[in-house]
Amino acid sequence: MTAEAAHLLTAGVGFLGLLLVYRFVSPRVVPLCFPGYHTLPWEKRIQVNEIFMAGSHSIVVCIASWVAYFTVEEIKPTILWYNCAVVRHTSAFFLGYSIADLGLILCYPHFGDMWFIMHHMVSIISGFLGMHYTSIPYYVNMFLMMELTNPFVNFRFMLKALGYPEKSRLFATTGVLLFVSWLIARIIPLPIYMYHMGRLMASGEFFKIEIPMQLCSTFGYLFFTVLNMSWFRIILKLFKRELRGLLKLESAKRALMETNSKKGG
């Protein structure tokens, strides 16, 4: 089996495997934690299944990309070409998921709006290029590392779809973790990416790689940056609200403990 065939197989596993998660795994696993799943309308149940599928994919991609970042010595910002199996197979898996999820969005428009469709189309292009080419694996992996945020995004969407109280501790904690992970994976890396990419361009080395990779690593990253900054404004507001909610819950908990202590005394 050639390397290209192996990568296509990984993409196929991502596509079919995640659709199986959507169709068969989620309806059996989610009710174990949230019994109210069975009482939801059909539209809500399939939305929860899609969210569970997206969350499952993001956990795999997140773990693979961050492990690669810290363990593969050849993934460096100055290296133009390196056939990194982890990055290419993770890109292939990401490609398979993006195609599957885009198909679900097109079949069920309430899963996402036009921005989600555009996001998935750019993701499909990025995933394919990351799978197909061996150039600039450091920058490809930085795309994939953004998935650190998505388990929290999807879990929050799932809680909301299941009708979980928004003022609960679990909801508030998820909001805080979402903010922290967004900073780590999507905001702080931005100047690092731009610095190394700028140096690569200034040296002329950047223009030796394939044109599709040049376009994707600049305009594709710009597209995701615009989305990331736009969404970060919303997440920052949510973070402030959730943090205030957590502080109120802790204050109420301490007040209750003090009241009970006085009664006991």
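Residues numbered from 1 in each chain as written. Predicted model: local features only at pLDDT ≥ 70, side-chain atom pairs only at ≥ 80, totals over all residues. Heavy atoms only, no water.

1. Here's the deal with the overall build of the protein chain
- Within the protein chain, the secondary structure is distributed over nine helices and zero strands.
- Along the chain direction, N to C, the helices and strands of the protein chain fall in the order α-α-α-α-α-α-α-α-α.
- Along the three orthogonal principal directions, the C-alpha set of the protein chain runs to about 75 × 40 × 35 Å.
- When each of the 265 residues of the protein chain is scored for burial, the buried share is 46%.
- Approximately 14,100 Å² of the protein chain is accessible, and the part contributed by carbon and sulfur atoms is 71%.
- Distance between charge centres in the protein chain, computed from 23 positive and 14 negative side chains, equals 13 Å. (Helix = DSSP H or I, 4+ residues; strand = E, 2+ residues; numbered from the N terminus. Buried < 20%, exposed > 50% of the residue type's maximum accessible area, 1.4 Å probe, protein only. Areas by Shrake-Rupley, 256 points an atom, 1.4 Å probe, with all protein chains shown as cover. Lys, Arg positive; Asp, Glu negative; His and termini not counted. Charge placed at Lys NZ, Arg CZ, Asp CG, Glu CD.)

2. Overview of the nonpolar core
- With 54 residues, the main nonpolar core has Val48 and Met158 as its most contacted residues.
- Elements represented by at least two residues in this core include exactly α1 (3-33), α2 (42-71), α3 (85-107), α4 (114-132), α5 (137-145), α6 (150-161), α8 (189-203) and α9 (211-264).
- Of the residues forming this core, the biggest block, eight residues, is contributed by α2.
- Excluding anything up to four places from it in sequence, Met158 contacts Val30, Phe34, Val48, Ile51 and Phe52.
- Core analysis: the second largest hydrophobic core is formed by 11 residues, Val153, Ala172, Phe179 and Ile187 among them. (Core = buried A, V, L, I, M, F, W, Y, C linked by side-chain atoms within 4.5 Å. Contact = heavy atoms within 4.5 Å.)

3. Details of the layout of surface pockets
- Here the second largest pocket is characterised by a volume of approximately 220 Å³.
- Taken together, 11 residues form the lining of the second largest pocket, with Glu166, Lys167, Arg241, Glu242 and Gly245 sitting closest to its centre.
- Here the lining of the second largest pocket takes seven residues from α9, the largest share from any one element.
- Here the lining of the second largest pocket is built from residues that sort into three nonpolar, two polar and six charged. (1 Å grid on protein atoms, 1.4 Å probe; cavity = no way out; pocket = protein on both sides within 12 Å on 5 of 7 lines; lining within 4 Å. Points joined across faces, edges and corners; volume = space filled by probe spheres on them. Nonpolar A, V, L, I, M, F, W, Y, C, P; charged D, E, K, R; others polar.)

4. Some remarks on a nonpolar patch on the surface
- Where nonpolar side chains cluster on the molecular surface, the patch consists of Ile211, Leu215, Phe219, Leu222 and Val226 and spans about 510 Å² of accessible area.
- Secondary-structure assignment places Phe219 in helix α9.
- Accessibility expressed as a relative area gives 56% for Phe219, which makes it exposed. (Patch = residues over 30% accessible without salt bridge, like charges linked within 9 Å, V, L, I, M, F, W, Y side chains within 5 Å. Salt bridge = Lys/Arg side-chain N within 4 Å of Asp/Glu carboxyl O.)

5. Structural notes on the confidence of the model for the protein chain
- On average, residues of the protein chain score 91 in pLDDT, and 93% of them reach the 70 mark or higher.
- Per-residue pLDDT, averaged within each element of the protein chain, yields its smallest value for α9 (82) and its largest for α5 (97). (pLDDT = per-residue confidence, 0-100.)

6. So, empty space enclosed by the protein
- On inspection of all chains with the given rule, the structure shows one cavity of 30 Å³ or more.
- A volume near 40 Å³ is recorded for the largest cavity.
- Looking at the largest cavity, the residues that line it are Tyr82, Cys84, Val87, Arg88, Gly130, Tyr133, Thr134, Ser135, Pro137 and Val140.
- Within the residue set of the lining of the largest cavity, elements represented by two or more residues are α3 and α5.
- Among the residues making up the lining of the largest cavity, the classes are represented as six nonpolar, three polar and one charged.

7. Here's the deal with the packing of α3 against α5
- Orientation of α3 relative to α5, taken along the N-to-C sense of each, is 40°, at an axis distance of 10 Å. Taken together, α3 and α5 sit at an angle that is classed as oblique. When the axes of α3 and α5 are compared, the crossing they make is left-handed. Residues Val87, Thr90, Ser91 and Phe94 of α3 form the contact with α5, whose participating residues are Pro137, Val140, Asn141 and Leu144.
- Grouping the amino acids of the contact of α3 with α5 by side-chain chemistry returns five nonpolar, three polar and no charged. (Axes fitted to C-alpha atoms, helices over the stretch in contact; angles between N-to-C directions. Parallel < 35°, antiparallel > 145°, perpendicular 65-115°, else oblique. Left-handed = near helix turned anticlockwise from the far one by under 90°.)

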